[in-house]
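Here are the chains, one letter per residue:
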Amino acid sequence: MAKQTKVSAADSGQEFYHPSKEVVKNATIKDYEKVYKRSIEDRDGFWADEAKKLDWFKKWNKVFDDSERPFFKWFVGGKTNIAHNAIDRHLKTWRRNKLAIIWEGEPGDVRTMSYHALNREVSKTANVLKSMGVQKGEIVTIYMPQIPELAITMLACAKIGAAHSVVYGGFSVEALADRIANAHSRVLVTADGGWRRGKVTDLKSIANEAMDRSPTIEVCITVKRTGHEVHMENDRDFWYHDLMALPIASPRCETEVMDSEDMLFILFTSGTTGKPKGLVHTHGGYSVYTASTHRNVFDVKDEDRWWCAADPGWITGHSYLVYAPLINGSTIMMYEGAPNHPYPNRWWNMIEKYGITILYTSPTAIRGLMRFGDQWPKRHDLSSLRLLGSVGEPINPEAWKWYHSVIGNNECPIMDTWWQTETGGFMITPLPVTPLKPGSATKPYFGVEAAIVDEKGNEVKPGEEGKLVIKNPTPGMARTIFGDPERYNETYWKEYEDKGWYKAGDSARIDEDGYIWVIGRIDDVIKVSGYRLGTAEVESALVSYPDVAEAAAIALPHELKGNAIHVYCILKAGIKGDSKMANEIKNHVSKEIGPIAKPEEVHFLESLPKTRSGKIMRRVLKARAMGVDEGDLSTLEE
Ligand code: WTA
């Protein structure tokens, strides 16, 4: 039984899940406290050592530069390229023949690619992009289903020094058009569609509609995935496979030498107000940070088969499906479709079939699969698994325990990783040797100082709820908001300017054992099924419905999704709302933003609770909906 986890009682009365002897024996880092202490006391030295594990065309002069705070720089003067570290350097070793990607399409088609083959595809694609005039520094928008070409296009952009902006394939017309406009993209790479629950998602039609609203687009490259009929515009639209067959698509392409601080990508994410913001990540610090966290937290070995089941359209997919595992030379698994198609054993079948050793996914996915019962995973041999991971939202202990016992056979520690689009990589997370408590992301990663503070910025006592802050910059943090540095400062750093802390936007508790328990967002960001949306976007889609005069959106707890969106609408004078209109409004939001934003419920109201300065008090709506105390109403105008 040396492989099984032991459970013991903690001082706080909760349970500790201890790593088995086997896990401890295999772990590269056995003493978290010792490494952590060093990482804080000699921060630059720690990060320099992590950076030395990657290749550099030219070494940095300075590890960390805070002369323009909060616009921090890392590995200043260093020259590198993430594509070099993710692909090129492996080609000189035996890993050239190692599988880089195992991909399964929803209909069951399979593609595999060695690092050698991946390099060929990336180089050819890079040359195709160059032939379309793509230049260093320009931002290419990518809107694709989960197919290898998505990762290939991201890497091809990086290779030639262009930045990418991946828009999640579940987003719709308005979301895509907004993001294209904000990035000033000239080139869009998309696909005719993808497979989801046995149906074709018609990405090209959505892309066409978005391009009609996007004057900056000159070129659209379309990957043929489903083969259904799509509209192609002369002079603008090209098939990817046609371009890849031309002599310009040579398999030789120089990797561009990039500065550490050169832009690698922007990724739009929802904030408290207004339109989504494009967070900027760079080649140097991001490579070092994502590779370090992935290597240490998941104790990655060459024998591993790593499956991050997130979509590359979100930060989890960028950092831990594509970049970090490839930098670490892992074999990555990628799956196109729904977890329960055609049956609820789809994932478990793939774990068995491909011998997956680490599964990293979201609590929503776990809860969704748990619902179908133990018989589905029990039909499969999941013994290849050695570690599990969770991300995106707090995991409830019930789902944690199911994941641990039924999927992990009580043998696989669960790495519950707390982080954000803004942080680039894990910030609060266990290591395999950390005794775990179901539902807690445990402790800060190396080089990270986290605290939970009250309104005045004083650390709260164990057990009390407060705001989560990060006390120091880390190499993987976003550098700015694209085109809006002031908003970057304002959103994350202004509140604790004198202390130099980063505001996470989450509330949390710390317990007597120093374990951190993240509770959830305290701003107007909503996490639905682990996906990040803003009330502002939903409200903007609501008021674009002809009969809606004013609207508010809030998140309410939901058993499966974590949170669900509830909306409140004031209709234009003389119009009465009914259930038919409520349904139309739901579908309208879904069409404008995407199915994940579809409201759970639509309520019609005569007025909305507002402050005297006219701001909607969403917390009052939420308190009323949940039947709890409405709190301080002194600013309410009614
Ligand atoms: C939430 C996703 C609890 C949190 C990587 C954060 C989590 C937001 C966890 C960022 C976790 C992420 N436990 N909550 N392990 N991981 N969150 O930018 O509210 O899509 O602020 O990044 O997700 O969402 P984002």
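Before reading on, note that the structure itself is shown above.
Report on the accompanying structure.

Conventions we followed
Residues numbered from 1 in each chain as written. Predicted model: local features only at pLDDT ≥ 70, side-chain atom pairs only at ≥ 80, totals over all residues. Heavy atoms only, no water. Helix = DSSP H or I, 4+ residues; strand = E, 2+ residues; numbered from the N terminus. Rg over C-alpha atoms; globule rule 2.2 N^0.38 Å. Buried < 20%, exposed > 50% of the residue type's maximum accessible area, 1.4 Å probe, protein only. Contact = heavy atoms within 4.5 Å. Pairing = 2+ DSSP bridges. Axes fitted to C-alpha atoms, helices over the stretch in contact; angles between N-to-C directions. Right-handed = clockwise from strand over helix to strand, strands pointing away. Parallel < 35°, antiparallel > 145°, perpendicular 65-115°, else oblique. Left-handed = near helix turned anticlockwise from the far one by under 90°. Nonpolar A, V, L, I, M, F, W, Y, C, P; charged D, E, K, R; others polar. Phe/Tyr/Trp six-rings, centres within 6.5 Å; stacked < 30°, edge-to-face > 60°. Lys NZ or Arg CZ within 6 Å of the ring centre and 35° of its normal. Arc of directions from axis to C-beta. Near = heavy atom within 4 Å. Polar contact = N/O pair within 3.5 Å; in protein donor to acceptor, adjacent residues only side chain to side chain. Core = buried A, V, L, I, M, F, W, Y, C linked by side-chain atoms within 4.5 Å. Salt bridge = Lys/Arg side-chain N within 4 Å of Asp/Glu carboxyl O.

Let's talk about the overall build of the protein chain
Phase 1 of the analysis: Per the secondary structure count, the protein chain includes 19 helices and 34 strands.
Phase 2 of the analysis: What you see for the protein chain is a C-alpha radius of gyration of 24 Å, in line with the 26 Å of a compact globule of 638 residues.
Phase 3 of the analysis: The C-alpha extent of the protein chain, read off along each of the three principal axes, is 70 × 70 × 60 Å.
Phase 4 of the analysis: Here the protein chain, with 638 residues, has 61% of them falling under the buried criterion.
Phase 5 of the analysis: In the protein chain, the proportion of contacts linking residues at least 24 apart, taken out of those at least 6 apart, comes to 70%.

Things to note about the sheet that holds strand E27 (residues 516-521)
Phase 1 of the analysis: What the four strands build is an open sheet, ordered E23-E24-E26-E27; its pairing is antiparallel. At either end of the open sheet lies a strand with only one pairing partner, and these are strand E23 (450-453) and E27. Averaged over all neighbouring strand pairs, the angle between strand axes comes to 45°, with direction disregarded.
Phase 2 of the analysis: In terms of strand pairing, strand E24 (residues 466-470) meets strand E26 (residues 502-510) through four bridges, oriented antiparallel. Bridge pairing in E26 links Ile470 to Tyr502.

Some points on the pairing of strand E8 (residues 139-143)
Phase 1 of the analysis: Most of E8 sits inside the fold, with five of its five residues counted as buried.
Phase 2 of the analysis: On E8, burial covers both faces: Ile139, Thr141 and Tyr143 on one face and Val140 and Ile142 on the other are all buried.
Phase 3 of the analysis: For the crossover that starts at E8, traverses helix H6 (residues 148-159) and ends in the parallel strand E9 (residues 163-166), the hand is right-handed.
Phase 4 of the analysis: Across three bridges, the pairing between E8 and strand E10 (residues 187-191) is parallel.

Digging into the packing of H6 against helix H11 (residues 315-327)
Phase 1 of the analysis: One way to put it is that H6 packs onto H11 with a least axis distance of 11 Å and a crossing angle of 60°. The pairing of H6 with H11 is recorded here as oblique in orientation. In the packing of H6 onto H11, the handedness of the crossing is right-handed. In this structure, H6 uses Ala151, Met154, Leu155 and Ala158 to contact H11, whose residues at the interface are His318, Val322, Tyr323 and Leu326.
Phase 2 of the analysis: Its residues placed into classes, the contact of H6 with H11 shows seven nonpolar, one polar and no charged.

Re the environment of Leu382
Phase 1 of the analysis: Along the chain, Leu382 turns up in the loop between helix H14 (375-378) and strand E21 (387-391).
Phase 2 of the analysis: Beyond its immediate stretch of four places on either side in the chain, Leu382 contacts Trp348, Ile351, Pro377, Val406 and Ile407.

Quick word on the packing of aromatic side chains
Phase 1 of the analysis: On inspection of all chains with the given rule, the structure shows 41 aromatic pairs.
Phase 2 of the analysis: For the pair Trp347 and Trp348, a centre-to-centre distance of 6.3 Å together with 85° between the ring planes defines the contact as edge-to-face.
Phase 3 of the analysis: For Trp347, a relative accessible area of 4% translates into the label buried.
Phase 4 of the analysis: A ring pair is formed by Trp419 and Phe426, whose centres lie 5.9 Å apart and whose planes are at 70°; its orientation type is edge-to-face.
Phase 5 of the analysis: When its relative accessible area of 9% is taken as the criterion, Trp419 is described as buried.
Phase 6 of the analysis: Of the residues examined, Phe426 reaches a relative accessible area of 0% and is grouped as buried.
Phase 7 of the analysis: The cationic tip of Lys499 hangs over the ring face of Trp501; the distance from NZ or CZ to the ring centre is 5.1 Å.

Regarding helix H8 (residues 203-212)
Owing to its 3.6 residues per turn, the α-helix brings residues three or four apart onto one side.
Phase 1 of the analysis: Leu203, Lys204, Ala207, Asn208, Ala210 and Met211 are the residues of H8 that are buried. Each buried residue of H8 lies within a common arc of 165° when the element is viewed along its axis, so the set occupies one face.
Phase 2 of the analysis: Looking at the buried residues of H8, the elements they touch are E8, helix H7 (173-183), E10, strand E12 (199-201), strand E13 (219-223) and strand E14 (237-239).

What about the site of the ligand?
Phase 1 of the analysis: Among the 17 residues in the neighbourhood of the ligand, the closest are listed as Asp416, Thr417, Thr421, Lys527 and Arg532.
Phase 2 of the analysis: Here a nitrogen atom of the ligand sits 2.8 Å away from a polar atom, N or O, in the main chain of Thr417.
Phase 3 of the analysis: Between an oxygen atom of the ligand and a side-chain N or O atom of Arg521, the distance comes to 2.8 Å.
Phase 4 of the analysis: Sorting the residues of the shell around the ligand by element identifies H11, strand E22 (414-417) and E27 as the ones contributing at least two each.
Phase 5 of the analysis: Tallied by class, residues from the shell around the ligand come to six nonpolar, five polar and six charged.

Some details on the side chain of Gln146
Phase 1 of the analysis: As for its placement among the helices and strands, Gln146 is situated in the loop between E8 and H6.
Phase 2 of the analysis: With relative accessibility at 6%, the residue Gln146 sits in the buried group.
Phase 3 of the analysis: Side-chain polar atoms of Gln146 contact the backbone oxygen of Tyr335, separated by 3.5 Å.
Phase 4 of the analysis: Setting aside its immediate chain neighbours within four residues, Gln146 contacts Trp103, Ala310, Asp311, Pro312, Leu321, Met334, Tyr335 and Glu336.

Examining the nonpolar core
Nonpolar side chains in soluble globular proteins tend to end up buried together.
Phase 1 of the analysis: Within the largest apolar cluster, 113 residues are counted, with the highest numbers of intra-cluster contacts made by Leu118, Phe298 and Tyr323.
Phase 2 of the analysis: The residues contacting Tyr323, other than those within four sequence positions of it, are Ile82, Met154, Leu155, Ala158, His164, Leu264, Phe265, Tyr286 and His318.

Here's the deal with the pairing of strand E20 (residues 358-361)
Phase 1 of the analysis: Neither face of E20 is open: one carries Ile358 and Tyr360, the other Leu359 and Thr361, and all of them are buried.
Phase 2 of the analysis: Direction of pairing for E20 relative to E21: parallel, over a ladder of four bridges. Bridge pairing links Thr361 to Ser390 in E21.

Some thoughts on the sheet that holds strand E25 (residues 480-481)
Phase 1 of the analysis: Taking strand neighbours across the sheet as the criterion, the eight strands line up as E14-E13-E10-E8-E9-E16-E17-E25 in an open arrangement whose pairing is mixed. On the outer flanks of this sheet lie E14 and E25, each paired with one strand and no other.
Phase 2 of the analysis: Where strand E17 (residues 277-282) meets E25, two bridges bridge the pair, whose relative direction is antiparallel. Within E25, the position partnered with Leu279 by the bridge is Ile481.

Some thoughts on the pattern of salt bridges
Phase 1 of the analysis: Going through the model one piece at a time under the given rule, you end up with 50 salt bridges.
Phase 2 of the analysis: Residue Glu138 is joined to Arg186 by a salt bridge in which the shortest nitrogen-to-oxygen separation is 3.4 Å. Of this pair, Glu138 sits in the loop between helix H5 (115-131) and E8 while Arg186 sits in the loop between H7 and E10, and the two are 48 residues apart along the sequence. The exposure classification of Glu138 matches that of Arg186, with both residues buried.

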